[in-house]
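Structural characterization, general
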Amino acid sequence: MGPLMLDVSGFELDAEEREILQHPTVGGVIFFARNYHDREQLFALTQSIRQAAKRPLIIAVDQEGGRVQRFRDGFTLLPPARAFATADNGINLARQGGWLMAAELLAMDIDLSLAPVLDIGFDCKAIGDRAFSDQPEQIIQFASAFIRGMKEAGMAATGKHFPGHGGVIADSHHETPVDERNDIAVRDMSVFKALIEEQLLDAMMPAHVIYPSYDDKPASGSEYWLKNVLRQQLHFKGVVFSDDLNMKGADVLGSYGDRAVASLQAGCDMVMLCNNRSGAIEALEALPQTQTPVLNNLLKKPFARYAEMVRTAEWKQRSEAIRRLQQEWQEKTH
């Protein structure tokens with residue numbers, strides 16, 4: 001697989017997308033809500049992507065729960081991560097939620113949900129209730145349970161946003177946040193460190209945040225964070241994704257081609273560029289035609305088709321438990 005993950009525009013592939021997917025630099029596709037009409041259409045889209053590429057590709061989506069759940073009708077509505085930490089029996093529910101989220105996507109032939117969020121606290125506009133807690137120890141507990149559920153279903157886990165996005169208010173979708181703190185490595189990074197040591201994280205997504213006490217580049221384009229800290233100090237051996245390089249937080253890295261190359265050189269294994277077809281093509285032309293064998297570790301394990309899965313007692317029990325939690329959360333917050 002090549003090092004670029006990009007998006008597609010709608011419910012079906014157009015002719016240009018079929019051609020782009022055959023390019024050896026493309027290694028993945030990420031879905032958005034605009035790609036989903038119903039389960040039958042989604043499964044057909046995943047199959048057409050695999051057929052067009054004619055080789056293994058990672059198909060991914062952000063299906064965390066709460067406000068970041070791309071597929072809703074026809075899928076179990078998942079609560080945000082914060083809901084688990086406020087519930088009775090929350091750790092068990094987090095494990096069930098991780099399994100359910102992963103199982104429903106795997107049944108659609110989707111490899112990854114880029115989850116969970118490991119950031120601390122709820123104040124950041126980009127994070128909010130996507131965080132499990134404002135306490136590192138609690139995040140480690142609930143994230144570990146959620147990941148174990150994902151792995152039971154057969155899905156790899158991606159921790160985000162390394163080394164921690166929770167200490168800034170600004171949203172990196174719209175600007176480049178600057179975190180002036182000098183204790184990131186002690187507090188925020190402790191969550192990532194613990195889960196790496198438990199060997200629970202298969203992939204990592206760095207933040208489009210600058211931490212000037214450590215380096216003058218966003219973590220997503222920083223050799224200091226990705227090679228020195230993540231690889232050498234924390235001994236992380238999994239895949240490193242960039243966050244979407246079309247986000248404003250990545251503007252400081254230059255043109256779309258420049259930022260894709262910069263992220264790759266800084267230590268990312270796969271770079272992501274979405275919602276900008278011309279930018280994705282620019283990145284495609286700038287990136288080297290290299291293959292990244294470690295990406296194969298993220299491909300899903302075989303799983304039941306959706307119609308078969310929803311007839312199982314396991315799915316019914318877990319789905320009902322998560323539906324109750326979602327309802328309780330809505331009543332609590334509205």
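Predicted, not measured: the structure shown is a model, and the values here were computed from it.

Cut-offs applied
Residues numbered from 1 in each chain as written. Predicted model: local features only at pLDDT ≥ 70, side-chain atom pairs only at ≥ 80, totals over all residues. Heavy atoms only, no water. Helix = DSSP H or I, 4+ residues; strand = E, 2+ residues; numbered from the N terminus. Rg over C-alpha atoms; globule rule 2.2 N^0.38 Å. Buried < 20%, exposed > 50% of the residue type's maximum accessible area, 1.4 Å probe, protein only. Contact = heavy atoms within 4.5 Å. Polar contact = N/O pair within 3.5 Å; in protein donor to acceptor, adjacent residues only side chain to side chain. Phe/Tyr/Trp six-rings, centres within 6.5 Å; stacked < 30°, edge-to-face > 60°. Pairing = 2+ DSSP bridges. Axes fitted to C-alpha atoms, helices over the stretch in contact; angles between N-to-C directions. Parallel < 35°, antiparallel > 145°, perpendicular 65-115°, else oblique. Left-handed = near helix turned anticlockwise from the far one by under 90°.

1. A closer look at the overall build of the chain
- When you go through the chain residue by residue, the secondary structure sums to eleven helices and ten strands.
- The C-alpha radius of gyration of the chain comes to 19 Å, within 12% of the 20 Å expected for a compact globule of 334 residues.
- The principal-axis extents of the C-alpha atoms in the chain amount to approximately 50 × 50 × 35 Å.
- The buried share of the chain, taken over its 334 residues, is 59%.

2. Notes on helix α6 (residues 188-197)
- Counting buried positions over the ten residues of α6 gives seven, a clear majority of the element.
- Restricting attention to buried positions, one finds in α6 the residues Asp188, Met189, Val191, Phe192, Ala194, Leu195 and Ile196.
- Lining the buried residues of α6 we find α5 (136-153), β7 (158-162), β8 (203-206) and α7 (223-233).

3. Examining the side chain of Ser113
- Within the secondary structure, Ser113 is located in strand β6 (residues 112-113).
- By relative accessible area, Ser113 is classed as buried at 0%.
- A distance of 3.2 Å separates a polar atom in the side chain of Ser113 from the backbone nitrogen of Gln63.

4. Considering the packing of aromatic side chains
- Inspection of every chain in the model, using the stated rule, returns 13 aromatic pairs.
- Pairing Tyr36 with Phe75 gives two aromatic rings, centres 5.5 Å apart and planes at 75 degrees, and the pair type is edge-to-face. Within this pair, whereas Tyr36 is found in the loop between β2 (26-31) and α2 (39-53), its partner Phe75 is found in the loop between β5 (68-69) and α3 (81-85), the two being separated by 39 residues in sequence.
- Exposure remark for Tyr36: the relative accessible area of 11% places this residue in the buried category.

5. Digging into unusual backbone geometry
- Pro116 follows Ala115 through a cis peptide bond whose omega is 10 degrees.
- Here Pro116 shows up in the loop between β6 and α5.

6. Concerning the sheet that holds β8
- Pairing is parallel in the open sheet, where eight strands are placed in the order β6-β3-β2-β1-β10-β9-β8-β7. The sheet terminates laterally at β6 and β7, the two strands that pair on one side only.
- Taken together, the two bridges between β8 and strand β9 (residues 239-244) define a ladder with parallel strand orientation. Counterpart to Met204 in the pairing with β9 is Val240.
- Where α2 meets the sheet, it contacts β2 and β3 (58-61), and its direction lies at approximately 170 degrees from that of β2.

7. Let's talk about the packing of α5 against α6
- Two numbers describe how α5 lies on α6: the axes approach to 9 Å, and their chain directions differ by 40 degrees. Comparing their axes, α6 and α5 come out oblique. At the point where α5 passes α6, the crossing takes the right-handed sense. Residues Pro136, Ile139, Ile140, Ala143, Ser144 and Ile147 of α5 touch α6, and the partners they reach there are Ser190, Val191, Ala194 and Leu195.

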